[in-house]
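Listed here are the chains, written in short residue letters.
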Amino acid sequence: MADLGISHTHVNQYGSVGTRKPLTTRHRLQTALHGAIFTAAFLFVVGMVCGVVG
């Protein structure tokens, strides 16, 4: 950080630490949906490889 001319006392004002907003319900639902889609796709590929699907 010293090379950029930013002292450590001013780093936090740029949003690196401590300014995280609490997760909204929409964000939680979106994360759960993405996790479910990823898991389903992974299980489908495993099923294809093992010969269970197709």
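Each chain has its residues counted from 1, running along the sequence as written. Selection of residues for local features in this predicted model requires a pLDDT of at least 70, selection of side-chain atom pairs for listing and counting requires 80 or more, and totals for whole chains, interfaces and linings are taken over all residues. Hydrogens and water molecules were not included; the side-chain quantities draw on all heavy atoms of the structure.

**Focus: the overall build of the protein chain**
- Comment: elements are numbered from the N terminus, with helices defined as DSSP H or I runs of at least four residues and strands as E runs of at least two. Of regular secondary structure, the protein chain possesses 1 helix and 0 strands.
- Using a 1.4 Å probe on the protein chains alone, a residue whose accessible area is under 20% of its type maximum counts as buried, one over 50% counts as exposed, and one in between counts as partly exposed. Residue burial in the protein chain is summarised as follows: out of 54 residues, 4% are buried.

**Digging into a nonpolar patch on the surface**
- Each patch is built from residues lacking any salt bridge and having more than 30% relative accessible area; the joining distance is 9 Å for like charges and 5 Å for nonpolar side chains (Val, Leu, Ile, Met, Phe, Trp, Tyr). Surface accessibility follows the Shrake-Rupley procedure with a 1.4 Å probe radius. Residue values consider only the protein chains on display as shielding. Within this document, salt bridges are pairs made up of a side-chain nitrogen of Lys or Arg and a carboxyl oxygen of Asp or Glu, the two lying within 4 Å of each other. On the surface, a cluster of nonpolar side chains totalling about 600 Å² of accessible area is made up of Phe44, Val45, Met48, Val49, Val52 and Val53.
- Position of Val53 relative to the elements: it lies in the segment after α1 (25-50).
- When its relative accessible area of 33% is taken as the criterion, Val53 is described as partly exposed.

**Here's the deal with the UniProt feature "transmembrane region" (unreviewed entry) in the protein chain**
- The residues that UniProt annotates with the feature "transmembrane region" (unreviewed entry) are residues 32-53.
- As a span, residues 32-53 carries 86% helix and 0% strand, and end to end its C-alpha atoms are 25 Å apart. UniProt positions are given in the numbering used here, feature names are shortened, and annotations may be inferred rather than shown by experiment.

**Some points on α1**
- One less than the residue count of a helix, multiplied by 1.5 Å, gives the span that helix is expected to have. Taking 1.5 Å of rise per residue, the 26 residues of α1 would be expected to cover 38 Å, and the 37 Å separating its terminal C-alpha atoms lies within 8% of that figure.
- Just beyond α1, the residue with positive phi is Gly51, at close to 85°.

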